[in-house]
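A closer look at the structure
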Amino acid sequence: MEAEEMRRLGYRMVDLVVENALNRHASPAIQADTPEALAQALGGPLPEAPGDADAALDTLARVALANMQHGDHPRYFARVPGPASFAAVLGEWLGTGFNTIATSWGGGSGPSTVELVAVRWLAEMLGLPEATEGVLLSGGSLASLTAFATARAEMGPGTAYFTDQTHSSLPRDLRLLGWAADELHMLPVDAGYRMDPARLAAAIQADRARGRTPRMVIATAGTTNTGAIDPLDEIAEICAAHDLWLHVDGAYGAPAAITAQGRALMPGLARADSLVIDPHKWLFQPYDVGACFVTRPGALERTFAMNPEYLRDVKTAPGTVNFGDRSPELSRRSRALKLWMSLTTYGAGRFRAAVARGIANAEFAENYLRQNPARWQVVTPAQIGVVTFALVGADAAEHARRAKVVSDTGYAAVTSTLLNGVSVLRLCTINPLTTEDDIRQTIDRLGAA
Ligand SMILES: Cc1ncc(COP(=O)(O)O)c(C=O)c1O
């Protein structure tokens, strides 16, 4: 492609992206056309001859990218939103444009340094120990997989403890890594949907008495369902007493710890042996990026380092980091550029303010619901950006119907979930662009649907 054409198409793409951001509030929060219509617009025979790049960009933007959940929409309250910031998008674009690789020091000392710096900045914002090391992966699932492989390499095989509120990708990770079914010990939660330390301690004792080898406890800092935070300090005490690895899944909620209010809700976070966060959820990054932190120096390399002959030239001086030795990924793009770019552009203070706004939004939603007790029952209070509630007298089918009616209009995306088998509606309010009016109107529309 000629340079002028590259420029022209590149600027067009920027225009499409900025136009999308400017129109976001007025466009649907979620959209899905039929499989037939999508296949018709996007499919067809393999293009053998060159085509029109302008038309292709338009089709991608107006068909493929329109038909999805818009996680960065201010009224996208379903599951976990993804309110990506523009400076982060810039970092992502630049990295892709330069075909960046962050695998070895010799083959990518610049991007590797950016990743070292970004991991350090994140660890500092979260209050993790100085010696913490980390690596960026595609998201929470792969970051926890990396942590579990490390835990087993460091500690040996044995039973892992978690709760029925642990995100289902974590037991899947354990199964993928070969944990046997009888080494997966799922515990019931307390009335606040948190891990119960007394139950955990009793389960460890009972398993030991039966000849099992307890090895790891998986706590959650912010469950997907309710935002509940397990009592990390008490769990850390139990882990210390029994020499168990403590993994904290903070994929959703641990970014709350960059604010004073959130940090106070998570004492013990810094005692984790491994911690996972998902910057593509609550740290304003486009998909994909998850971070795996391990507080034992060298543990990631002890688990993942390889030394094939053909990589000898790029694995240089001692003291440098080869990120291909810190996870199961060898060839890997730089996911750190967007973090570096956005932290440098906005500063940590703006990140803190944006996270605090998400926490306050859920508190506003809870207060609004409480103003109408004849209609709404708050089931779990606002907890780091999540509130769950029920329409008085409604069953699961009715909740699902109302969530679907509101989502089908495109005004907002809302989902229901089950708590102890009982249906609730749920709002996750972590987009800092969400207004109080967005929240009021969404709740009113759920009530009227
Ligand atoms: C608490 C929690 N853990 C783990 C995950 C999995 O993360 P990912 O989808 O980035 O793999 C999620 C996803 O929503 C989550 O909410």
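We now turn to the structure provided with this report. Each chain carries its own residue numbering, running from 1 in the direction its sequence is written. With pLDDT at 70 or above as the cut-off, local features in this predicted model cover only qualifying residues; side-chain atom pairs require 80 or more to be listed or tallied, and sums for whole chains, interfaces and linings still use all residues. Think of the side-chain values as coming from all heavy atoms in the structure, minus any hydrogens and water.

1. Thoughts on the pairing of strand 5 (residues 245–250)
Burial analysis of strand 5 places 6 of its 6 residues in the buried class, the great majority of the element. Neither face of strand 5 is exposed, since Trp 245, His 247 and Asp 249 on one face and Leu 246, Val 248 and Gly 250 on the opposite face are all buried. With 5 bridges joining them, strand 4 (residues 214–220) and strand 5 adopt parallel strand pairing. Directly across from Val 217, in strand 5, lies its bridge partner Leu 246. With respect to chirality, the unit in which strand 4 leads through helix 9 (residues 232–242) into the neighbouring parallel strand 5 is right-handed. In terms of strand pairing, strand 5 meets strand 6 (residues 274–277) through 4 bridges, oriented parallel. When the sheet's bridge partners are listed, Asp 249 is paired in strand 6 with Val 276. Only protein chains enter the accessibility calculation, which uses a 1.4 Å probe; a residue whose area is less than 20% of its type maximum is buried, one above 50% is exposed, and one in between is partly exposed. Strands are runs of DSSP state E lasting at least two residues, helices are runs of H or I lasting at least four, and both sets are numbered from the N terminus onward. A pair of strands counts as paired when DSSP detects no fewer than two bridges linking them. When the strands point away from the viewer and the connection leading from the first strand across the helix to the second strand turns clockwise, the crossover is called right-handed.

2. Quick word on the site of the ligand
The environment of the ligand is formed by Gly 139, Gly 140, Ser 141, His 167, Ser 169, Thr 224, Asp 249, Ala 251, Tyr 252, Asp 278, His 280 and Lys 281. In this structure, a nitrogen atom belonging to the ligand sits 2.7 Å away from a side-chain N or O atom of Asp 249. In the analysis that follows, any N or O atom pair within 3.5 Å is treated as a polar contact, provided that within protein one partner can donate a hydrogen and the other can accept it, and provided that, for residues neighboring in sequence, both atoms belong to side chains. Between the ligand and the protein, one listed contact pairs an oxygen atom with a side-chain N or O atom of Lys 281 at 3.2 Å. Methods summary: accessible areas were calculated by the Shrake-Rupley approach with a probe of 1.4 Å, and residue burial reflects only the protein chains presented. Out of a free accessible area of 390 Å², the ligand has 83% covered by protein chains. Breaking the shell around the ligand down by element, the ones donating at least two residues are helix 6 (140–155) and helix 11 (279–282). Considered class by class, the residues forming the shell around the ligand number 2 nonpolar, 7 polar and 3 charged. Near, as used in this document, describes a residue that has one of its heavy atoms within 4 Å of the molecule or strand being considered. Gly is placed with the polar residues, together with every amino acid not listed as nonpolar (Ala, Val, Leu, Ile, Met, Phe, Trp, Tyr, Cys and Pro) or charged (Asp, Glu, Lys and Arg).

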